[in-house]
Amino acid sequence: MGTDPFAPQMTREQELDFLRNQAEAIKEELDQIDGRIKELETE
Amino acid sequence: MKIAVSATAPGLDAEVDPRFGRCQYFIIVDPQTMEFEALDNSNAMAAGGAGISTAQMIASKGVEVVLTGNCGPNAYQTLSAAGIQVVTGVSGKIKDAIEAYKAGKLQPNAQPSVGSHYGMGGGTGMGRGMGRGMGRGMGMGVGMGPGIMPEALSQEQEIAILKSQAQMLGQQLNEIQRRLEEMEKGS
């Protein structure tokens, strides 16, 4: 594989921000899915 | 009965595309009459979640069997949850693949044939630059959730798919949180 000279570079802070945003987005998604499952199960 | 085949071009003479989630087209064929419908796979260039989105699209078409080259765990789980049989290792022309299936030469898989993110172009660059947690997070943030659930699914199928998605998202969330903890400890 080797080093990819075209790989995007991110600082540690940028990566942390990105991961936190991703975690938040996934939690929201999970809430929506849970809500929809409950909705379907009570229909 | 409908069979969906991943294809490199929109016709029965096209070759089977070895990728499921990111194939260019799907040919949906009635094996009795050989009448078919060609679908553009809008998820082929998706940044992430292509396997699940493609599987949902296929499920919404009332397909019972998928013939393809390879199928990753997310797509496989979604297809299975919708009651769709998956046959991998298929190659050659679409019409020959259908004939082989009709002749009983192709058998459904009991598990996915490849790992996550098979068939993603440029994966190396993205993974190296952003690190493990980032790569996975990006893969799941797009095109998912109850809002895009196809209408043709039964209530049971929809619940099964949603539960499977929730499980996968839960795993991704755990990985992201683990990576966050690692990074925060390292500061």
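Everything numeric in this text was worked out from a predicted model, so none of it was measured.

**Student:** Help me understand the overall build of chain B in this model?
**Tutor:** The number of helices and strands found in chain B is 5 helices and 5 strands. The burial tally for chain B puts 50% of its 187 residues in the buried class. At a minimum sequence separation of 6, the contacts of chain B that also span at least 24 residues come to 57%. Accessible area for chain B stands at about 8200 Å²; split by element, carbon and sulfur atoms hold 48% of it.

**Student:** Where do I start with the packing of helix α1 (residues 50–60) of chain B against helix α2 (residues 73–81) of chain B in this structure?
**Tutor:** When two helices pack together, their arrangement is captured by the angle between the axes and the distance separating the axes. Residues and elements named next belong to chain B. Running from N to C, α1 and α2 point in directions that differ by 25°, and their axes come no closer than 8 Å. Between α1 and α2, the interaxial angle falls into the category roughly parallel. As α1 runs across α2, the sense of the crossing is right-handed. Of the residues in α2, those touching α1 at Gly51, Ile52, Ala55, Gln56 and Ile58 are Asn74, Ala75, Thr78 and Leu79. Residues that form the contact of α1 with α2 fall into these classes: 5 nonpolar, 4 polar and no charged.

**Student:** Explain the confidence of the model for chain B here, please?
**Tutor:** For any part of a model where pLDDT is low, the fine detail of the predicted coordinates should not be relied upon. For chain B, per-residue confidence averages 79 on the pLDDT scale, and residues scoring 70 or more make up 78% of the total. For this predicted complex, the interface score ipTM comes out at 0.80, while the overall pTM is 0.57.

**Student:** Explain the packing of aromatic side chains here, please?
**Tutor:** Aromatic ring pairs are defined here through the distance separating the ring centres and the angle between the ring planes. Residue and element names in this part refer to chain B. One pass over the structure, following the stated rule, counts 1 aromatic pair over all chains. With centroids separated by 5.4 Å and ring planes inclined at 65°, the aromatic side chains of Phe20 and Phe26 adopt a geometry described as edge-to-face. The pair Phe20 / Phe26 is uniform in exposure class, with both members buried.

**Student:** Looking at this structure, how should I read α2 of chain B?
**Tutor:** Turn by turn, an α-helix covers 3.6 residues, leaving residues three or four places apart pointing in a common direction. All of the buried residues along α2 of chain B are Asn74, Ala75, Tyr76, Thr78 and Leu79 of chain B. Gly83 of chain B lies just past α2 of chain B and shows a positive phi near 80°.

**Student:** So what exactly am I meant to see when it comes to the pattern of salt bridges here?
**Tutor:** Close approach of charged atoms allows side chains with opposite charge to pair. Under the defined criterion, the tally for this structure stands at 13 salt bridges over all chains. When the shortest N-O distance is used, the salt bridge between Asp17 of chain A and Arg20 of chain A registers 4.0 Å. Remark: Arg20 of chain A and Asp17 of chain A occur in helix α1 (residues 12–42); sequence separation between them is 3 residues, near one turn of the helix. According to the relative accessible area criterion, Arg20 of chain A is partly exposed, its value standing at 37%. Each member of the salt-bridge network shares a partner with another, and the members are Glu15 of chain A together with Arg179 and Glu182 of chain B.

**Student:** Looking at this structure, I do not really get the pairing of strand β2 (residues 25–29) of chain B. What am I missing?
**Tutor:** Here is the key point about a regular strand: its side chains alternate between the two faces of the sheet. Residue and element names in this part refer to chain B. Among the 5 residues in β2, 4 count as buried, and that is most of the element. When strand β1 (residues 3–7) meets β2, the two strands line up antiparallel, connected through 5 bridges. Counted as the bridge partner of Ser6 is Phe26 from β2. The pairing of β2 with strand β3 (residues 36–40) spans 5 bridges and is classified as antiparallel. For Tyr25, the partnering residue across the bridge sits in β3 and is Asp40. Between the antiparallel neighbours β2 and β3 lie 6 residues, among them Met34 with a positive phi of about 65°.

**Student:** Got a minute to help me understand the nonpolar core in this structure?
**Tutor:** The tendency in soluble globular proteins is for nonpolar side chains to be buried side by side. Residue and element names in this part refer to chain B. Among the nonpolar cores identified, the biggest contains 21 residues, and Phe20, Phe26, Ile58, Val66, Leu79 and Ile84 are the most heavily contacted of them. Secondary-structure elements contributing two or more residues to this core are β2, α1 and α2. Those residues within four positions of Leu79 in sequence are excluded, and the remaining contacts are Phe20, Ala55, Ile58, Val66, Cys71, Ile84 and Val86. Counting residues in each nonpolar core, the second largest holds 19 residues, with Leu12, Val16, Ile94 and Tyr101 among its members.

Conventions adopted
- Residues numbered from 1 in each chain as written.
- Chains lettered and ligands numbered in written order.
- Predicted model: local features only at pLDDT ≥ 70, side-chain atom pairs only at ≥ 80, totals over all residues.
- Heavy atoms only, no water.
- Helix = DSSP H or I, 4+ residues; strand = E, 2+ residues; numbered from the N terminus.
- Buried < 20%, exposed > 50% of the residue type's maximum accessible area, 1.4 Å probe, protein only.
- Contact = heavy atoms within 4.5 Å.
- Areas by Shrake-Rupley, 256 points an atom, 1.4 Å probe, with all protein chains shown as cover.
- Axes fitted to C-alpha atoms, helices over the stretch in contact; angles between N-to-C directions.
- Parallel < 35°, antiparallel > 145°, perpendicular 65-115°, else oblique.
- Left-handed = near helix turned anticlockwise from the far one by under 90°.
- Nonpolar A, V, L, I, M, F, W, Y, C, P; charged D, E, K, R; others polar.
- pLDDT = per-residue confidence, 0-100.
- Phe/Tyr/Trp six-rings, centres within 6.5 Å; stacked < 30°, edge-to-face > 60°.
- Salt bridge = Lys/Arg side-chain N within 4 Å of Asp/Glu carboxyl O.
- Pairing = 2+ DSSP bridges.
- Core = buried A, V, L, I, M, F, W, Y, C linked by side-chain atoms within 4.5 Å.

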